[in-house]
Amino acid sequence: MNITDTFSDIDPISQSDGPEPACAITYTPEFVEAHDYLRAVLKADERSERAFDLTTICLKFNPANYTCWHFRRRCLVALCTPTDGDAQATIDVERIDNDLEFADKLGGSNPKNYQLWYHRRALLELRFKGDEKIQVAQKELSYVDKILDDDNKNYHAWSHRQWIIRTINQPQLWSAEIEYSHSKILLDPRNNSAWNQRWFATHEGEIATNSGMKLGKLTFQKAEEEANYAVCGAQVDPFNESPWRYLIGVLMEQYRWAQREGGVDDKDRTNGLLREYVAKIKEMNKAWDSPADDLPAGPCVSLMSALVDLLETIGDKTSLEEATNMMGELVVEDPVRRKYWNKRKSTVLVLLGEVSD
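Residues numbered from 1 in each chain as written. Predicted model: local features only at pLDDT ≥ 70, side-chain atom pairs only at ≥ 80, totals over all residues. Heavy atoms only, no water.

What follows deals with the environment of Arg344. Tracing the backbone shows Arg344 in helix H16 (residues 338-354). For the pair formed by Arg344 and Ile134, sequence separation is 210 residues and the distance between their alpha carbons is 49 Å. Discounting chain neighbours no more than four positions away, the residues touching Arg344 are Val308, Asp309, Glu312 and Met327. One polar contact links Arg344 to Asp309, side chain to side chain, over a distance of 2.9 Å. (Helix = DSSP H or I, 4+ residues; strand = E, 2+ residues; numbered from the N terminus. Contact = heavy atoms within 4.5 Å. Polar contact = N/O pair within 3.5 Å; in protein donor to acceptor, adjacent residues only side chain to side chain.)

Let's shift gears to unusual backbone geometry. Even without a glycine there, the phi angle at Asp45 is positive, about 50°. Mapped onto the elements of the fold, Asp45 is located in the loop between helix H2 (29-44) and helix H3 (49-61). Positive phi, normally seen in glycine, also occurs at Asn169, with a value near 55°. Within the element layout of this structure, Asn169 appears in the loop between helix H8 (155-168) and helix H9 (171-187).

Scanning all chains against the criterion turns up twelve aromatic pairs. Three or more aromatic residues link up through ring pairs in this structure, and these residues are Trp195, Trp199, Tyr229 and Tyr246. The side chain of Arg120 reaches across the aromatic face of Tyr143, ending 3.8 Å from its centre. Its guanidinium or amino end placed over the ring of Tyr180, Arg161 lies 3.7 Å from that ring's centre, counting from NZ or CZ. (Phe/Tyr/Trp six-rings, centres within 6.5 Å; stacked < 30°, edge-to-face > 60°. Lys NZ or Arg CZ within 6 Å of the ring centre and 35° of its normal.)

What follows deals with the pattern of salt bridges. Applying the stated rule across the entire model yields 29 salt bridges. Among the ionic pairs, Lys286 bridges to Glu283, the shortest N-O distance being 3.8 Å. Of this pair, Lys286 and Glu283 both sit in helix H13 (residues 264-287), three residues apart, which is roughly one turn of the helix. Between Arg337 and Asp334 there is a salt bridge whose closest N-O contact spans 2.7 Å. (Salt bridge = Lys/Arg side-chain N within 4 Å of Asp/Glu carboxyl O.)

The residue Arg275 is located in helix H13 in this model. Assessed through its relative accessible area of 38%, Arg275 is described here as partly exposed. Along the chain, Arg275 and Leu311 lie 36 residues apart, while their C-alpha atoms are 8.3 Å from each other. Apart from the residues within four sequence positions on either side, Arg275 is in contact with Ile314, Asp316 and Ser319. (Buried < 20%, exposed > 50% of the residue type's maximum accessible area, 1.4 Å probe, protein only.)

Structure (structure tokens):
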């Protein structure tokens, strides 16, 4: 595209840096020319084919130009929603899909570019209005998977997956996402993003498939399943903090719900659940006396920390005394958080003075 010839009827607008710019940026002549004409097109609000092509050139120079992406979408909407004789707007699916491909190509070297991900979302909002929204969503999830293969902790990619699944809100996508997060956890058990995605899929998926269910709480049966899943993950590598935090999260939401809204039976059942996992963790701790050759020797801080959390939550005198003793060990074994453990220990000692047998 010869910009000067294409926009011969428009006067370019130069960038104004003021009379004495503190730190003038030296752009290439091609960059300056493209953006001078872009400013002129923006001023005229010309949403034409040539304006759309100009945004392509400018975005190749700078894929992070939010103004350019925004104007490109305005051009795209104007160009792909013509009005037919019956005054009914239609969506040019092929054009939108081509622009998704364009964003994909630019995203190859810019996988954490906010503007690229937002542009994809805006385009998909148009595509999701059609009858093939599930197929479109699955295709986009495959694209995100490709990005996560290169960087399995890309926050933008994980957030995009959540937006897609939440927007489509179909049971098969929720179930598939639980399996997907499981596959990512198997690849890297320390991937907190994958554990977080499992939490998202199990919790919001339950809500989506069980209308009337309250946000943030699994059924008791599902909580047991997820707690067992976390323990299995911890058995693979007890030093991995991710499954322990997942376990505590699952158990604590059951406990807090029971305390806040549950009846006597709910509280008893939840207390029994906590004691069950205290026993399981203690068994793991005993087995730790002869750890595997590929794991470090010595006390396992992540395991001890989880055990302390549960003992303190149970809250009877025996449990609090046990938690206090373990915190004393953590002061030594976890020196980075020495002050934290001392503070928690002092708090529990106060509780011990208030708790009777």
